[in-house]
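Letter by letter, the chains look like this.
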Amino acid sequence: MVASIDIKGLRFSWRGRTSFSLAVPDLKVAAGEKLFLLGESGTGKSTLLSLICGITTPSEGRLVLDGTNLPDLSASARDRFRAEHIGVIFQMFNLLPYASPLENILLPLAFAPNRKARVANQRAEALRLTSALGLNETLVTSAGTTELSIGQQQRVAAARALIGGPKLIVADEPTSALDATSQAAFVDLLMTQAEAAGATLLMVSHDARLANRFDRHLDLADVAQATRGMA
Ligand SMILES: Nc1ncnc2c1ncn2[C@@H]1O[C@H](COP(=O)(O)OP(=O)(O)OP(=O)(O)O)[C@@H](O)[C@H]1O
């Protein structure tokens, strides 16, 4: 089964910050769907992704991933749920600088026994993914992560999100540092790999030109109300 997202009556504000709040009355993403989320800067796209990943929790409402209402889980259970079910590509990639690209890619498996069990040979699977994403073996196994270009780091972050076939891939502006040709190629690779794993793909980007590659595109303003004050 692949991930579905069902959000109802969600309300959220960052602790100690009264100037911004987000309300999402009703948002559904079908299992296996590829959804492109766009919207003005500061409207809460990254905040919504943090909620969907269980990194933060709403003050009200339901946020159900594959039948599990994330706000019902403790913080540690949410961390386990995320490790097992969600591959995340963060805006700044969040790669560990002191670990090799290969070690970075394998890291999520250390926290996700079921995801790990789906990978018979970890090294071979990491190399299969990186090869599909256009990275050569020597670079993945021998280079220092800090030696990689931004585009190479993006591919490592994508392989880390894809390894072990999580049901949901969440990508927060993963192409922002790439030129237009590289952006389109990266999205196509991400899509092919997500499709092969039967995963749902949710991607945030400012670049509306990428939207037509997705099953659906959604402006956050059409599904959410964000309050943005001056404080
Ligand atoms: N970790 C955080 N702690 C406190 N406030 C935050 C945090 N992350 C985001 N915010 C605030 O939440 C609001 C929405 O920001 P968010 O990053 O979700 O918007 P966005 O639509 O993703 O913007 P952009 O397109 O510029 O990346 C902003 O006021 C921002 O300052």
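Everything quoted here is computed from the prediction, not taken from an experiment.

(A) Quick look at the overall build of the protein. Looking only at helices and strands, one finds 9 helices and 10 strands in the protein. Taken against the 2.2 N^0.38 rule, which gives 17 Å for 231 residues, the C-alpha radius of gyration of the protein at 17 Å falls within 12% of a compact globule. For the protein, the C-alpha atoms occupy an extent of roughly 50 × 35 × 35 Å along the three principal directions. A buried classification covers 39% of the 231 residues belonging to the protein. Intrachain contacts of the protein at a sequence separation of at least 6 include 76% that bridge at least 24 residues.

(B) View of the environment of Pro-108. With respect to the element layout, Pro-108 can be found in the loop between α3 (101–106) and α4 (113–117). For Pro-108, a count of 22 C-beta atoms within 10 Å translates into the label buried. For the pair Pro-108 and Ala-83, spaced 25 residues apart in sequence, the C-alpha to C-alpha distance is 6.1 Å. When neighbours within four sequence positions are excluded, Pro-108 is seen to be in contact with Ala-83, Arg-115, Arg-160, Ile-163 and Gly-164.

(C) A look at the site of the ligand. The immediate surroundings of the ligand are formed by Trp-14, Arg-17, Phe-20, Gly-39, Ser-41, Gly-42, Thr-43, Gly-44, Lys-45, Ser-46 and Thr-47. The element best represented in the shell around the ligand is helix α1 (residues 45–52), accounting for 3 residues. Split by residue class, the shell around the ligand holds 2 nonpolar, 7 polar and 2 charged.

(D) Seen up close, the confidence of the model for the protein. Here the protein averages 90 in pLDDT, while 97% of its residues score no lower than 70. Mean pLDDT values for the elements of the protein range from 78 in strand β10 (residues 225–228) up to 97 in strand β4 (residues 60–65). Listed scores for the predicted complex are pTM 0.92 and ipTM 0.96.

(E) Quick look at unusual backbone geometry. In this structure, Asp-66 takes a positive phi of about 50° despite not being glycine. On the secondary structure map, Asp-66 appears in the loop between β4 and β5 (68–69). Assessed through the 16 C-beta atoms surrounding it within 10 Å, Asp-66 is described here as partly exposed. The residue Glu-173 is not glycine, and still its phi comes out positive at about 45°.

(F) Quick peek at helix α2 (residues 75–85). Along α2, the residues classified as buried are Arg-82, Ala-83 and His-85. Tucked inside the fold, the buried residues of α2 contact β4, β6 (86–89) and β7 (168–172).

(G) Local environment of the nonpolar core. Core analysis: the biggest nonpolar cluster contains 59 residues, and Ile-52, Ala-126, Ala-158, Ala-159, Ile-163, Ile-169 and Val-170 have the highest contact counts within it. At 6 residues, helix α7 (residues 150–162) tops the list of elements feeding residues into this core. Beyond its immediate stretch of four places on either side in the chain, Ala-158 contacts Ile-89, Leu-133, Pro-174 and Leu-190.

(H) Up close: helix α8 (residues 180–196). Over its 17 residues, α8 runs 24 Å from end to end, which matches the ideal 24 Å to within 8%, given 1.5 Å per residue. Here α8 has its buried residues at Gln-183, Phe-186, Val-187, Leu-190, Gln-193 and Ala-194. Buried residues of α8, seen end-on, are gathered within an arc of 130° and therefore sit on one face of the element. For α8, the exposed residues set more than 90 degrees away from the buried face come down to Thr-181, Asp-188, Thr-192, Glu-195 and Ala-196. Packing partners of the buried residues in α8 comprise α5 (122–132), α7, β7 and β8 (200–204). Backbone geometry just after α8 places Gly-198 at a positive phi near 65°.

(I) Main features of the sheet that holds strand β2 (residues 20–29). Reading across from one edge, β5-β4-β1-β2-β10 is the order of the 5 strands in this open sheet, with antiparallel pairing throughout. Whereas interior strands pair on both sides, the edge strands pair on one side only; in this sheet they are β5 and β10. Relative to β10, β2 runs antiparallel, the two being bridged by 4 bridges. Looking at β10, one finds that Phe-20 is bridged to Arg-228. Sitting on the sheet, α1 touches β1 (5–12), β2 and β4, and the angle it makes with β1 is about 115°.

Analysis parameters
Residues numbered from 1 in each chain as written. Predicted model: local features only at pLDDT ≥ 70, side-chain atom pairs only at ≥ 80, totals over all residues. Helix = DSSP H or I, 4+ residues; strand = E, 2+ residues; numbered from the N terminus. Rg over C-alpha atoms; globule rule 2.2 N^0.38 Å. Buried ≥ 20, exposed ≤ 12 C-beta atoms within 10 Å, placed from the backbone. Contact = placed C-beta atoms within 7 Å. Near = placed C-beta within 6 Å. Nonpolar A, V, L, I, M, F, W, Y, C, P; charged D, E, K, R; others polar. pLDDT = per-residue confidence, 0-100. Core = buried A, V, L, I, M, F, W, Y, C linked by C-beta atoms within 7 Å. Expected span 1.5 Å × (residues − 1). Arc of directions from axis to C-beta. Pairing = 2+ DSSP bridges. Axes fitted to C-alpha atoms, helices over the stretch in contact; angles between N-to-C directions.

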